[in-house]
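# An overview of the molecular structure
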Amino acid sequence: MSEDTLDKVIGWSIIVGLGVNLLLSLNLYRQIGNLEYKVHSLDGNLNSAIQSLSRDVWEMKNQQ
């Protein structure tokens, strides 16, 4: 392989490598965003469940 061809292969390898790293980083960023959304949603659902349970316990206590 000539030196010119080798330089082109190395150059394209670097460009392709950077492109793939960028795509992987963007995918990771998207997945982290989805995970944060799910955690906040779960937190809200958990808070609602605790409030509902507390209300039910309070009502049962007052009925006795």
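Since we're looking at a predicted model, the values are computed, not measured.

### As for the overall build of the protein chain
Check the secondary structure of the protein chain and you find one helix and zero strands. Seen through its principal axes, the protein chain has C-alpha atoms that stretch 90 × 10 × 5 Å. Of all 64 residues assigned to the protein chain, the portion counted as buried reaches 0%. When the accessible area of the protein chain is evaluated, it comes to approximately 6,200 Å², of which 64% is carbon and sulfur surface.

### Re the environment of Asp4
Of note, Asp4 is situated in helix α1 (residues 3-63). Take Asp4: its relative accessible area is 48%, and that puts it in the partly exposed class.

### Quick look at the environment of Asn34
As for its position among the elements, Asn34 is in helix α1. Remark: the alpha-carbon pair of Asn34 and Ser54, spanning 20 residues in sequence, is separated by 30 Å.

### Re a nonpolar patch on the surface
A surface patch of nonpolar side chains, about 620 Å² in accessible area, is lined by Met1, Leu6, Val9, Ile10, Ile14 and Leu18. In this fold, Val9 is placed in helix α1.

Reading guide: rules and limits
Residues numbered from 1 in each chain as written. Predicted model: local features only at pLDDT ≥ 70, side-chain atom pairs only at ≥ 80, totals over all residues. Heavy atoms only, no water. Helix = DSSP H or I, 4+ residues; strand = E, 2+ residues; numbered from the N terminus. Buried < 20%, exposed > 50% of the residue type's maximum accessible area, 1.4 Å probe, protein only. Areas by Shrake-Rupley, 256 points an atom, 1.4 Å probe, with all protein chains shown as cover. Patch = residues over 30% accessible without salt bridge, like charges linked within 9 Å, V, L, I, M, F, W, Y side chains within 5 Å. Salt bridge = Lys/Arg side-chain N within 4 Å of Asp/Glu carboxyl O.

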